[in-house]
Amino acid sequence: SLGAYDSYMSKEIDEQPAVLRRILKHYFPDQQLKINNQLLQQIAASDRIYIVAAGTSWHAGLVGKQLFEDLTDIPVEVQLASEFGYHLPKLSAKPFFIFLSQSGETADSRQVLVELKKLHKLTLTITNVENSTLAREADYSLALKAGPEIAVASTKAYIAQIAVEAILAKAVGENLHLTTAQSFDVQQQLSLAASAIQTLIDKKDLIEQLAATYFDNQESAFFIGRGNGYYLALEASLKLKEVSYVHSEGFAAGELKHGTIALIEQDTPVIGFVVEEKTAELTRGNIQEAASRGANTLIISTEKLQQKQDQLVIADLDEHILPIAAIVPAQLLAYYVAKKRGNNVDQPRNLAKSVTVE
Ligand code: M6R
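Please read these numbers as outputs of a predicted model, since none were measured by experiment.

K.L.:
Could you give me a rundown of the packing of aromatic side chains, with the residues and numbers involved?
P.N.:
One pass over the structure, following the stated rule, counts 5 aromatic pairs. Aromatic side chains tyrosine 230 and tyrosine 231 sit 5.5 Å apart centroid to centroid with 35° between the ring planes, which places their arrangement in the tilted category. Aromatic side chains tyrosine 335 and tyrosine 336 sit 4.9 Å apart centroid to centroid with 65° between the ring planes, which places their arrangement in the edge-to-face category. For the pair shown, tyrosine 335 and tyrosine 336 are each scored as buried. One aromatic cluster in this structure is built from Tyr50, Phe84 and Phe97.

In structure tokens:
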């Protein structure tokens, strides 16, 4: 039930620290990482991991790419389900396919799974609905443990997907005896992420104010970043547009100047994610380029990368895990803009919770 909340979206955003703790309990009973060993061996023996998903789950897959590549040394491709199935690229010799799906019922993903089964490929579904079609039909399945997600806009399932990807990547890397995986303390990082999210949730009022100032009269916004900051920009933009109906785009920060910057007008909100050390200065430069064309810029950074003009600062976390916390201000921003406009945040127009047509 909703309890004191006005919407499931708001409730589900607040549940996120608890979701991370539940995931840790599930995957680390007695503090020992527990995942089917045969699954780990089959991923470890593959020469390429393909992550297949749609929408927000695809965005979680993009964040997963770096995690898997860094912790397992296996190359990763992240594919949109609706494109992949009908345009199968030349596959590697020993591919392993991971389907990310909150509902486990997305028709675009199911179509790909059916095609891959015809080719006798190995598949895993990571889903929030443990008896869903995709969970049943893949060779393996892993649970997201986010608890029922009712709001159409996916929030807690997105962070759960990244958390489970991180745990799985570590487990596969350890199976391969890789030191990067051995020294990656995923339990500690996910607990720190839970606290970082709680701190942001406790700053809700500030985010509500920012939503009111930046989106007072604006009908178009841009989210930019590099690396995971770019993937965060894509997800933040989707969240805003689906619940607030404000037109928005997520962009790789360096690409803005290659055309899209023409759309920046006086007071256009440009939200920049400065969350990656090696590109922090470049990203700030791109945010500045937008500001000098009149954009009203809002910077989300981390303690380590923080500068005094930044409006929202996330506690430091391993850069692979940081998106779990850094998406939260954007979820809240989308929620408050939508609420201020009187929208039905849980059931935005034209959308359904699970998309069962191709
Ligand atoms: O259930 P799935 O994760 O397979 O759904 C995929 C997308 O339809 C979904 O993530 C959608 O983009 C979100 N509801 C957006 O918030």
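K.L.:
Break down the pattern of salt bridges for me, citing the residues and quoting the values.
P.N.:
The tally for this structure, following the rule as stated, stands at 16 salt bridges. Linking lysine 339 and aspartate 6 is a salt bridge whose minimum nitrogen-to-oxygen distance equals 3.4 Å. Of this pair, lysine 339 sits in helix H15 (residues 328-340) while aspartate 6 is found in the segment before helix H1 (8-14), placing the two residues 333 residues apart along the sequence. Relative accessible area serves as the criterion here: at 39%, lysine 339 is assigned to the partly exposed category. Here aspartate 6 falls in the partly exposed class, since its relative accessible area comes to 45%. Of the charged contacts, one joins glutamate 235 and lysine 239 as a salt bridge, the two residues approaching to 2.7 Å between their closest N and O atoms. Taken together, the residues glutamate 235 and lysine 239, both in helix H12 (residues 228-244) and 4 residues apart, mark about one turn of the helix. On the basis of relative accessible area, lysine 239 is assigned to the buried category, the value being 0%. Within the structure, one salt-bridge network assembled from shared partners comprises Lys11, Glu15 and Lys156.

K.L.:
Give me the site of the ligand: which residues, what numbers.
P.N.:
The immediate surroundings of the ligand are formed by 15 residues, with Ser57, Ser101, Ser103, Thr106 and Glu242 found nearest. For the ligand, an oxygen atom lies 2.7 Å from a polar atom in the backbone of glutamine 102. Contact distances for the ligand include 2.5 Å between an oxygen atom and a side-chain N or O atom of glutamate 242. Considered on its own, the ligand offers 410 Å² of accessible surface; in the complex 91% of this is hidden by protein. Considered class by class, the residues forming the shell around the ligand number 5 nonpolar, 8 polar and 2 charged.

K.L.:
Residues and numbers for the packing of helix H8 (residues 156-175) against helix H10 (residues 186-201), please.
P.N.:
Helix packing geometry: the angle between the two helix axes and the distance between the axes. It is at 10 Å that the axes of H8 and H10 come closest, and there the two elements cross at 165°. On the basis of the axis angle, H8 is roughly antiparallel to H10. In the crossing of H8 with H10, the sense of the turn from one axis to the other is right-handed. Counting all contacts with H8, which are made through Ile159, Ala163, Ala166, Ile167 and Lys170, the residues of H10 involved are Val186, Leu190 and Ile197. Counted by class, the contact of H8 with H10 contains 7 nonpolar, no polar and 1 charged residues.

K.L.:
I'd like a description of helix H13 (residues 280-291), backed by residues and values.
P.N.:
Side chains that are three or four residues apart share a direction in an α-helix, a result of its 3.6 residues per turn. The first and last C-alpha atoms of H13 sit 16 Å apart over 12 residues, in line with the 16 Å expected at 1.5 Å per residue. Every buried residue belonging to H13 is among Ala280, Thr283, Arg284, Asn286, Ile287 and Ala290, and all of these are buried. Within H13, the buried residues cover an arc of 160° as seen down the axis, which keeps them to one side. Close packing links the buried residues of H13 with strand E6 (220-225), strand E8 (269-274) and strand E9 (296-302).

K.L.:
Break down the sheet that holds strand E2 (residues 76-80) for me, citing the residues and quoting the values.
P.N.:
Reading across from one edge, E2-E1-E3-E4-E5 is the order of the 5 strands in this open sheet, with parallel pairing throughout. The open sheet is flanked by E2 and strand E5 (140-143), the only strands paired with a single partner. Neighbour to neighbour, the strand axes of the sheet diverge by 20° on average, direction disregarded. Where strand E4 (residues 122-127) meets E5, 4 bridges bridge the pair, whose relative direction is parallel.

K.L.:
Talk me through the nonpolar core; I want residue IDs and the actual numbers.
P.N.:
Proteins that are soluble and globular tend to have nonpolar side chains buried together. If you look at the biggest cluster of nonpolar residues, it comprises 100 residues, and the most contacted ones within it are Ile98, Leu124, Leu168 and Ile324. At 13 residues, the largest contribution of residues to this core is made by H8. Other than its neighbours up to four places away in sequence, leucine 168 contacts Ile35, Leu40, Ile43, Phe68, Ile98, Leu124, Ile126 and Leu142. Core analysis: the next-biggest nonpolar cluster, separate from the first, contains 15 residues, Leu256, Val270, Ala295 and Ile299 among them.

Here is what the cut-offs are and how they apply
- Residues numbered from 1 in each chain as written.
- Predicted model: local features only at pLDDT ≥ 70, side-chain atom pairs only at ≥ 80, totals over all residues.
- Heavy atoms only, no water.
- Phe/Tyr/Trp six-rings, centres within 6.5 Å; stacked < 30°, edge-to-face > 60°.
- Buried < 20%, exposed > 50% of the residue type's maximum accessible area, 1.4 Å probe, protein only.
- Salt bridge = Lys/Arg side-chain N within 4 Å of Asp/Glu carboxyl O.
- Helix = DSSP H or I, 4+ residues; strand = E, 2+ residues; numbered from the N terminus.
- Near = heavy atom within 4 Å.
- Polar contact = N/O pair within 3.5 Å; in protein donor to acceptor, adjacent residues only side chain to side chain.
- Areas by Shrake-Rupley, 256 points an atom, 1.4 Å probe, with all protein chains shown as cover.
- Nonpolar A, V, L, I, M, F, W, Y, C, P; charged D, E, K, R; others polar.
- Axes fitted to C-alpha atoms, helices over the stretch in contact; angles between N-to-C directions.
- Parallel < 35°, antiparallel > 145°, perpendicular 65-115°, else oblique.
- Left-handed = near helix turned anticlockwise from the far one by under 90°.
- Contact = heavy atoms within 4.5 Å.
- Expected span 1.5 Å × (residues − 1).
- Arc of directions from axis to C-beta.
- Pairing = 2+ DSSP bridges.
- Core = buried A, V, L, I, M, F, W, Y, C linked by side-chain atoms within 4.5 Å.

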